[in-house]
Amino acid sequence: MAYDVNGTTVEHDEEGYITNLSEWSRELADIIAAAEEVEMGEEHWAVVNFLRDYYEEYQIAPAVRVLIKSIKKSMGPEVGNNKYMYELFPYGPAKQACKIAGLPKPTGCV
Amino acid sequence: MSETIKKFLYVNRKAPYGTIYAQESLEVVLIGAAFDQDVSLAFLDDGVFQLTKGQDTKEIGLKNFSATYRALGDYEVTKLYVEKESLEERGLTLDDLQNIEYEDEDDDYAEKSSIRLISRAEMAEVMADQDVVLSF
Amino acid sequence: MGTLHTVNKSPFQNQTLLSCLGHTHEGDAVLMIEDGVYGAVTGTAISEALSKMGSDVSLYVLGADLAARGIDAGRMAEGVISVDYEGFVDLSATHDRVQNWL
């Protein structure tokens, strides 16, 4: 199973998470998002970038409540709340956004 | 959600990369943090090696999960008890450990250290004060 | 009533039993199981540490693990009580918490 990024294949698991984290690119993110039927806007990117920074710093993808709390702090309560985050990523702000960000499924998600 | 908050202590006594215990413990702590209990971590014996700074696992092909301890504050895990005697026996001091901080929401988000250096006798007190003790 | 500590590693292989003994409280019990039962034998390099515990801490050993290793009850250090599996369950039930030293 793989995504096709301009002719290059990027392997993913049965749920769509890429296998090799270093193969991520913004083009790939758009392709994963399209497969998820998510149209990437500015706020989607902000969340994806936050997740990538968090992973880079702490070596984990944060749990959803940690993500929302942090987004609330950095982008304000209009974005950093449960309802809005689920509007951005209907299949779960942590799960789905992590997939688009090229990260593993957050620790604790089944 | 939970009516009774219990005191959970995770006891860490193994060095980080030789066995999987340390990483498993950390993972259980992160998952367990969702349950709103009163969580503490204890680091004694070789467990104090888990917190040393400057770990670099690139060449052994394992994830450097030492960075993840610094995320514990986000998960409201803010009590990391480190045993003084265990450090000393291994030629270590607090300066050899990485800074692990949390933001105190009740104190204008002031950054405070999560690491609490205690003696072996105090560690025994901490252990005796728990509802549940989980060893790794 | 206190903590029931279990130790399942030989004290000649690592420091777990000694560390456990160093973190006990008055009223606690230490139960040696599996390879931990080698710690209950008298006249060894660690039996002094065990005898220093005095009567504040009760010492137990799982008889089945002793027998499996051919350790005769006569070689057990003074004050160590041998229990069967039911005794193990009773100890777990009568203490406030169980701490397994891995």
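Right above here is the structure, for reference.
Worth saying up front: this structure is predicted, and the values here are computed from it rather than measured.

With that settled, consider the overall build of chain A. A tally of helices and strands in chain A yields five helices and two strands. In sequence order, the secondary structure elements of chain A are arranged as β-β-α-α-α-α-α. Taking 110 residues into account, the globule formula puts the C-alpha radius of gyration at 13 Å, and chain A, at 13 Å, falls close to it. Expressed as lengths along the three principal axes of its C-alpha atoms, the size of chain A is roughly 40 × 25 × 25 Å. Counting every position in chain A, which comprises 110 residues, the buried fraction comes to 47%. In chain A, 49% of the contacts between residues at least 6 apart in sequence involve partners at least 24 apart. Considering chain A, the positive charge centre built from 10 side chains and the negative charge centre built from 18 side chains are found 11 Å apart.

To continue, consider the overall build of chain C. A count of helices and strands for chain C gives four helices and five strands. In sequence order, chain C lays out its α and β elements as β-α-β-α-β-α-β-α-β. Its C-alpha atoms give chain C a radius of gyration of 12 Å, near enough to 13 Å, the size a compact globule of 102 residues would have. Burial analysis of chain C (102 residues in total) assigns 48% to the buried set. For chain C, the proportion of contacts with a sequence separation of at least 24, taken over those separated by at least 6, is 74%. When the accessible surface of chain C is split by element, carbon and sulfur atoms take 49% of a total near 4900 Å². Charged side chains of chain C number 5 positive and 13 negative; the gap between the two group centres comes to 9 Å.

With that out of the way, let us pick up the interface of chain C and chain B. Counting from both sides, the interface comprises twelve residues of chain C and, opposite them, 18 residues of chain B. Across the chain C/chain B interface, buried area totals approximately 1200 Å², and carbon plus sulfur atoms make up 51% of it. When the buried surface of chain C facing chain B is broken down by residue, C:His23, C:Arg97 and C:Leu102 rank first, second and third, together holding 48% of it. The tally of links between chain C and chain B comes to zero salt bridges. Taken together, chain C and chain B are joined by nine residue pairs in polar contact (both at pLDDT 80 or more). It is strand E5 (residues 97-101) of chain C that provides the largest number of residues to the side of chain C that touches chain B, a total of five residues. Classifying every residue of the side of chain C that touches chain B gives three nonpolar, eight polar and one charged.

Right, let's talk about the nonpolar core for a bit. Counting residues in hydrophobic clusters, the biggest one holds 62 residues, and the most contacted among them are A:Val47, A:Ile100, B:Leu41, B:Tyr69, B:Leu72, B:Tyr75 and B:Val77. Per element, the largest residue contribution to this core is eight residues, and it comes from helix H2 (residues 42-58) of chain A. For B:Tyr69, the contacting residues outside a window of four places in its chain are B:Ala22, B:Leu26, B:Phe43, B:Gln50, B:Leu51, B:Gln98 and B:Ile100. Counting 31 residues, the second largest nonpolar core, distinct from the first, contains B:Leu44, C:Ala40, C:Leu59 and C:Val61.

Residue and element names in this part refer to chain B. Residues Val-133 and Ser-135 line the buried face of strand E7 (residues 132-135), whereas the alternating positions Val-132 and Leu-134 sit on a face that is not buried. Summarising the sheet, strand E1 (residues 7-12) and E7 pair through four bridges and their orientation is parallel. Along E7, the bridge assignment pairs Val-11 with Ser-135.

Our next topic: the environment of A:Arg26. Residues and elements named next belong to chain A. In this structure, Arg-26 sits in helix H1 (residues 26-35). When the C-alpha positions of Arg-26 and Trp-45 are compared, they lie 9.5 Å apart, and in sequence the two are 19 residues distant. In contact with Arg-26, not counting residues within four places along its chain, are Trp-45 and Asn-49.

On to the interface of chain A and chain B. Contacts between the two partners involve 15 residues from chain A, matched on the other side by 16 residues from chain B. A buried area of about 1200 Å², summed over both sides, lies between chain A and chain B, and 51% of it is on carbon and sulfur atoms. It is A:Tyr58, A:Gln59 and A:Arg65 in chain A that bury the most area against chain B; as a group they hold 36% of the surface buried on that side. Along the contact surface separating chain A from chain B lie three salt bridges. Two residues, B:Glu105 and A:Lys69, come together in a salt bridge whose shortest N-O distance is 4.0 Å. Joining chain A to chain B, the criterion identifies eight residue pairs in polar contact (both at pLDDT 80 or more). Put simply, the parts of the chain that give the side of chain A that touches chain B at least two residues each are H2 and helix H3 (64-75) of chain A. Each residue belonging to the side of chain A that touches chain B can be placed in one class, and the counts come to eight nonpolar, three polar and four charged.

Residue and element names in this part refer to chain B. For the structure on display, the rule yields 19 salt bridges over all chains. For the salt bridge of Asp-104 with Lys-112, the shortest nitrogen-to-oxygen distance reads 2.8 Å. Assessed through its relative accessible area of 28%, Lys-112 is described here as partly exposed.

Thresholds, definitions, all that
Residues numbered from 1 in each chain as written. Chains lettered and ligands numbered in written order. Predicted model: local features only at pLDDT ≥ 70, side-chain atom pairs only at ≥ 80, totals over all residues. Heavy atoms only, no water. Helix = DSSP H or I, 4+ residues; strand = E, 2+ residues; numbered from the N terminus. Rg over C-alpha atoms; globule rule 2.2 N^0.38 Å. Buried < 20%, exposed > 50% of the residue type's maximum accessible area, 1.4 Å probe, protein only. Contact = heavy atoms within 4.5 Å. Lys, Arg positive; Asp, Glu negative; His and termini not counted. Charge placed at Lys NZ, Arg CZ, Asp CG, Glu CD. Areas by Shrake-Rupley, 256 points an atom, 1.4 Å probe, with all protein chains shown as cover. Buried area = accessible area lost by both parts, 1.4 Å probe. Salt bridge = Lys/Arg side-chain N within 4 Å of Asp/Glu carboxyl O. Polar contact = N/O pair within 3.5 Å; in protein donor to acceptor, adjacent residues only side chain to side chain. Nonpolar A, V, L, I, M, F, W, Y, C, P; charged D, E, K, R; others polar. Core = buried A, V, L, I, M, F, W, Y, C linked by side-chain atoms within 4.5 Å. Pairing = 2+ DSSP bridges.

Take it as geometry only, folks, not as evidence of what the structure does.
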